Amino acid sequence: MDVKQGDSVAILGPSGSGKSTLLGLLAALDTPTSGEILLAGSALSGLNEEQKAALRKKKVSFIFQSFMLVDTLTALENVMLPAELAGVKDAKLKAQNMLERVGLSHRLTHLPKQLSGGEQQRVAIARAFICEPKVLFADEPTGNLDSVNGDKIADMLFALNQESDTTLILVTHDLQLAKRCKRQFVMDSGQLTEAKNSQAHSVKQPLLAEEMS
Amino acid sequence: MEWQLAWRLFKRELAQGQLLLIVLAITLAVLSVSGLARVSERLQVAINGEAATFIAADRIINSPVVVDPKVLTIADELSLKHVTNMQFNSMVYAGDKFQLVTIKAVGEAYPLKGKIELSSGEASALPSQGEAWYENRLGGLLGYPESLELGNSILTLSAEISRLPDGGFNPFASAPVLLMRLDDVNATGIIQPGSRVSYIYQFTGDVDALAAFEQQVKPLLNNSQRWVDVQSGDSPIASAVKRAERFLLLASLLGIALACAAIGIAAQRYCQRHYDVVAMLKTFGASAKQIRLLFGLHLMLVTLLGIVLGLLGGLVLDLTITQFLPPEIAAYSPPYLRPFLLGMSTGLISAFMFSAYPLMRLLAIPPLRVLQRQLEGLQLGMWLHLMLSLAAMALLGYLYSRSIALTMTVVLTVLLLGLLLSILGFVMIRMGHSVGMKTTNPLQLALAGLRRRARQNAVQLVGFSSALVLLLTILALRQDLLNEWQKQLPEDAPNYFLVNIAPEDTQPLQQFLDLHQIAATEIYPVIRGRLTHINGEELISGEQQDAGMAGRVGISRELNLTYRDTLPPNNPVVEGTFNQADDEVSVESGVAERLGLALNDTMTFNIDNQSFTVKATSIRNVQWETLQPNFFMIFRPNALEKFNYTSMASFHLDDDKLKAAGSPLSANAVVLQLIQQFPTISVIDVGAMVEQLRQIIDQVSLSLSLVLALVLLASALVLIAQTEAGMATRQRELAVLRTFGASGWLLRSATGLEFALLGAIAGLLAVIVAEFALYMLKTQVFELVVYMHWPWWIIAPLSGAAVVSILGMWRCRQLLNQSCSDLLKAG
């Protein structure tokens, strides 16, 4: 699997097929037992935990299905967090700008529990883009949202992705969302294959069947 | 940057109440230590100060000769106040009447503690030169003369003494006291070389100086010189004070242990809550150093807040207590430094040592947790946590009590308790294994819940039960100590002693007492005799031993002996059997120890120049604080009846009692009648002393209640912390049960029942362990009577169930009222 700068890639597959494991490995959160991953030019196998953390700080960002906001911090403070960790000087100003871009300039001082699910994910998107990452990993970003909100979030995600020329790697069940990516991969029992658009359609049935069960 | 982040996280979490528990736990630990250290220091001074007025000083050296001048030099160097007095017996003459009196010749500074009470009020100075003050009985015996002769001097009697601060409590001191100036003694010419005189050196000063003085001076004293402090000897209050001090220290230590447990649990919860935050921060590239710094600073802020609040609380506690203390004690303000430092170090040590392990686990959370929520990273094993916690507890205990023995006892008890409770709890919960899981019956659902969480519940049981055990132990000890004192000093504790009752007066006296409906103790015959030999070996005096003579040291004065058929009340036999044959004697344990006497040793007594030998066949404990006639030696009637004797008795008399009995007379009038009717009987009024004793006991009770309140608070905190800790899993389970259609009623009853069952088991375990702990404490430390607390066996499980279910339901109320989707989302 080879992903170029600015690409958007969807990884599809049923539950338990290994999508999240792959995401963990690609994002330098986990260590592979064999094989090699090159992330933004760095071979991950040669890095220790600290070096991997430094790499993530500089080049990588995340969006999660469960948002993973710090529930005691305000929307603004949540967005500032990665910038502060990276030692960015005007973190607050940048965070304000990011929240404005995701349409939440009126919610700066709200706590996560005071926001709707869609709003929480918008905060998470703002947080993901504040450090202008080279690569953005998204784990079921619309998984916890209804379809209307899910679509809005997806629109926002792809728009920001395009604006900032970020590489997007997205794990999802949602075929519609996957189709908006330039490339689709299907994961099945640990095997990854790149799907042409027609192949991506073919995984629709089992996915739906699984969702209904 | 980390600093800003830590501060922001701290500020927000504090405002949202997330840090309440851990801050409260630290606050309580600091408050207990700093507040109690100061309060108990103050109370100790209060208790000892009150008690010291019994000896009119903090320390006394009692010597038959003038002491080495070095002793007084040391006292001066340590800035102790001191006064030298002399005491001896002599005859005084007034016209044609004469009387043996005890002369108390006192130095200018007398009394160092307390006041001389005269019949005209408190004395503000000493008698002038050439004057003397007399004890009220002496006036009656001599017919109230204006002056009397003592040796070559004539002393003017200028005032009547009602009570001397070191009047002590010796009903056998049959000679009335005459108080005069020390510098008048020479002129009397009575004291010649070889005269029997006691030199009484009294000292007062601050606690540290007194301790240093004791250390330096005690080695300089010889066998005939006695070192006396409030707690030494047969002082009626000594044992009360000793017990109270031990209790205060023990209860405070247990309170601290509990507060530490609350910190431990709260710290664990604190860390668990931050698992996700750490995982998220690591995902976004935070370095290990950044995370360490962030949470180190965060915890530091939490600790600092706890310490500041705790110190303030301690101050408030101290100020509150001061309101209840008599002004003279409240005026004594021990330095703030020690309680302050103790409080600070308690906060720091407990917060960091108890959270070290949870914090280590927190820092080791893998970033992958953001994708796989069940990951918790490092499992270092509980032993490390246990070791750290015990080490912290030991360190704190030692800092507070400065006693290795007491600290080790508490730590080992806590350790044993924890182990025992874990095992018992686990076994009891596993016993419910056969019960199936049906979602229709709340009881079965509750049992299933208990079983599912067996391991976690065992840990919770340790928390609940430990809190209850400590509470029950402190409650029972406090009650027992108070009861014990109340029993010894009931409202109608004797306030009058009658001594020198002639045999022919015994019958008429009894009639007099019956007439006025006065319930007196039995009338005890008193025979004075000297102990001359033990096991055939002649005894020598302390002075003789100091002069280089070899031999066994006896008692250099005459003893008061009595006889009776049966063991007197409050005289439990600790060894042997009470007198069976006429040649047997029962000995008080203190004097037996002093003489090195063993059971079946023989003793030879000399009474009226007749010698006879008896065998010690029982050793008795005597409670000197009972204010009953008490004796070192009790014989069989046949052994002593042939000798001359006088008798003694004691009784309680007050105006209310007389009024209730329909008597028109006041207590004073009755006593006056008694004196007039029986002029040879000495009536000793100990009412004032009884009142003083009661005051001391009241103060001690106050301190005991206070400690109890603190232990109660700590226990409640442990309970809340425990419930808090189990919240997350409970939420997930409720979500599942709700999804499967369990009704709100079913879930509420099942949750309530589960908590109630847990509380009941904890209560039962607590009673078992508390009874054991009480047995150990009562027999080993407090010398109290052991008995089972049967009502507890019902009350403790019931109240355990009530408290735990109320607390638990209160904590779960939101969860139980949440809709299914909310629960699932939150889970």
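Residues numbered from 1 in each chain as written. Chains lettered and ligands numbered in written order. Predicted model: local features only at pLDDT ≥ 70, side-chain atom pairs only at ≥ 80, totals over all residues.

A. Layout of the overall build of chain A. A tally of helices and strands in chain A yields 9 helices and 8 strands. Expressed as a percentage of its 213 residues, the buried residues of chain A come to 46%. Restricting to contacts in chain A with at least 6 residues of sequence separation, those with at least 24 account for 71%. (Helix = DSSP H or I, 4+ residues; strand = E, 2+ residues; numbered from the N terminus. Buried ≥ 20, exposed ≤ 12 C-beta atoms within 10 Å, placed from the backbone. Contact = placed C-beta atoms within 7 Å.)

B. Representation of the overall build of chain B in the model. For chain B, the helix and strand inventory stands at 25 helices and 23 strands. Counting the 827 residues in chain B, one finds 42% classified as buried. If you take every contact in chain B between residues at least 6 apart in sequence, the share linking residues at least 24 apart comes to 83%.

C. Highlighting the sheet that holds strand E1 (residues 8–12) of chain A. Residues and elements named next belong to chain A. Within the open sheet, the 6 strands sit side by side as E4-E5-E6-E1-E7-E8. Their pairing is mixed. The open sheet terminates on both sides in strands that have one partner only, identified here as strand E4 (60–63) and strand E8 (191–195). For this sheet, the mean angle separating the axes of adjacent strands, direction not counted, is 20°. Sheet contacts for helix H5 (residues 117–129): E4 and strand E5 (135–139); angle to E4, the most-contacted strand, approximately 175°. (Pairing = 2+ DSSP bridges. Axes fitted to C-alpha atoms, helices over the stretch in contact; angles between N-to-C directions.)

D. Molecular detail of the confidence of the model for chain B. Mean pLDDT for chain B: 79, with 81% of residues reaching 70 or above. Among the scores for the predicted complex, ipTM is 0.86 and pTM is 0.65. (pLDDT = per-residue confidence, 0-100.)

E. Expanded view of the nonpolar core. Residue and element names in this part refer to chain B. Judged by nonpolar contacts, the single largest core of 182 residues is most densely connected at Ile22, Ala25, Cys260, Ala262 and Ile263. It is helix H7 (residues 238–283) that contributes the most residues to this core, 24 residues altogether. Once residues lying within four places of it in the same chain are set aside, the contact partners of Ile263 are Ile22, Ala25, Ile26, Ala29, Ser350, Ala351 and Phe354. Judged by nonpolar contacts, the second largest core, of 39 residues, contains Ile518, Val526, Ala639 and Tyr645. (Core = buried A, V, L, I, M, F, W, Y, C linked by C-beta atoms within 7 Å.)

F. Just the packing of H5 of chain A against helix H6 (residues 147–164) of chain A, in detail. Residue and element names in this part refer to chain A. For the pair H5 and H6, the least separation of the axes is 10 Å and the interaxial angle reads 10°. The angle between H5 and H6 falls in the class roughly parallel. Here the hand of the crossing between H5 and H6 comes out right-handed. In this structure, H5 uses Gly117, Gly118, Gln121, Arg122, Ile125 and Phe129 to contact H6, whose residues at the interface are Asn149, Lys152, Ile153, Met156, Leu157, Leu160 and Ser164. Residues belonging to the contact of H5 with H6 are distributed by class as follows: 6 nonpolar, 5 polar and 2 charged. (Parallel < 35°, antiparallel > 145°, perpendicular 65-115°, else oblique. Left-handed = near helix turned anticlockwise from the far one by under 90°. Nonpolar A, V, L, I, M, F, W, Y, C, P; charged D, E, K, R; others polar.)

G. Here's a closer look at the interface of chain A and chain B. The partner chain B presents 24 residues to the 24 residues of chain A that form the contact. At the level of secondary structure, the elements contributing two or more residues to the side of chain A that touches chain B comprise helix H1 (19–26), helix H2 (49–59) and helix H3 (75–85) of chain A. Of the residues that constitute the side of chain A that touches chain B, the class distribution is 13 nonpolar, 4 polar and 7 charged.

H. Looking closely at unusual backbone geometry. All names here are of chain B. Here Tyr110 and Pro111 are connected by a cis peptide whose omega angle stands at -10°. By the secondary structure assignment, Pro111 is in the loop between strand E3 (97–106) and strand E4 (117–118). Phi is positive for Asp608, close to 45°, though the residue is something other than glycine. With respect to the secondary-structure elements, Asp608 resides in the loop between strand E19 (602–607) and strand E20 (610–620). The class of Asp608 is exposed, set by 10 C-beta atoms lying within 10 Å.

I. Local environment of the confidence of the model for chain A. In this model, chain A carries a mean pLDDT of 83, and residues with pLDDT of at least 70 account for 92%. Low pLDDT (under 50) marks residues 198–213 of chain A, which in the prediction has 17 contacts with non-local residues, meaning those over four places away or in another chain.

J. View of H3 of chain A. All names here are of chain A. The element H3 is extensively covered by neighbouring structure, given that 11 of its 11 residues are classed as buried. Buried within H3 we find Ala75, Leu76, Glu77, Asn78, Val79, Met80, Leu81, Pro82, Ala83, Glu84 and Leu85. Just downstream of H3, Gly87 is the residue with a positive phi angle, here 75°.

K. Representation of the pairing of strand E23 (residues 682–685) of chain B. Residues and elements named next belong to chain B. Side chains Ser682 and Ile684 project from E23 onto a buried face, and the interleaved Val683 and Asp685 project onto a face without burial. Inspection of the sheet shows strand E12 (residues 496–501) paired to E23 by 4 bridges, in the antiparallel sense. Of the residues in E23, the one forming a bridge with Tyr496 is Asp685.

L. Broad picture of the environment of Gly554 of chain B. All names here are of chain B. Within the element layout of this structure, Gly554 appears in the loop between strand E15 (552–553) and strand E16 (559–563). For Gly554, a count of 22 C-beta atoms within 10 Å puts it in the buried group. Between the C-alpha atoms of Gly554 and Ile540, which are 14 residues apart in sequence, the distance is 5.8 Å. Not counting residues within four places of it along the chain, the set of residues in contact with Gly554 comprises Leu531, Leu539, Ile540 and Leu595.

M. Spotlight on the pairing of strand E6 (residues 131–135) of chain B. All names here are of chain B. By the criterion of burial, E6 is predominantly enclosed, with 4 of the 5 residues buried. Of the pairings in the sheet, the one linking E6 to strand E8 (residues 153–163) comprises 5 bridges and is parallel in character. Its bridge partner being in E8, Glu131 is matched across the sheet by Thr156. Sheet topology places E6 next to strand E9 (residues 177–181); 3 bridges connect them, and they run antiparallel. Within E9, the residue paired with Ala132 across the bridge is Met180.

N. Representation of the environment of Cys812 of chain B. Residue and element names in this part refer to chain B. The topology assignment puts Cys812 in helix H24 (residues 790–817). Residue classification places Cys812 among the buried positions, given that 21 C-beta atoms sit within 10 Å. Each C-alpha atom of the pair Cys812 and Thr751 lies 8.6 Å from the other, and the pair is 61 residues apart in sequence. Non-local contacts of Cys812, meaning those with residues more than four positions away in its chain, are made with Arg730 and Thr751.

O. Expanded view of the environment of Asn78 of chain A. Residue and element names in this part refer to chain A. Looking at the element boundaries, Asn78 is found in helix H3. C-beta crowding within 10 Å serves as the criterion here: with 25 such atoms nearby, Asn78 is assigned to the buried category. Each C-alpha atom, one on Asn78 and one on Arg127, is 6.9 Å from the other, the two residues being 49 residues apart in sequence. If we ignore the near neighbours within four places in the chain, the residues touching Asn78 are Leu69, Val70, Leu73, Val123 and Arg127.

P. Structural context of the packing of helix H3 (residues 69–77) of chain B against helix H6 (residues 207–217) of chain B. Residue and element names in this part refer to chain B. Between H3 and H6, the shortest axis-to-axis distance is 10 Å and the interhelical angle comes to 155°. Accordingly, the angle class assigned to the pair H3 and H6 is roughly antiparallel. In this structure, the crossing between H3 and H6 has a hand that is right-handed. Contacts between H3 and H6 involve Val71, Ile74 and Ala75 from the former and Phe213, Gln216 and Val217 from the latter. Taken together, the residues of the contact of H3 with H6 sort by class into 5 nonpolar, 1 polar and no charged.

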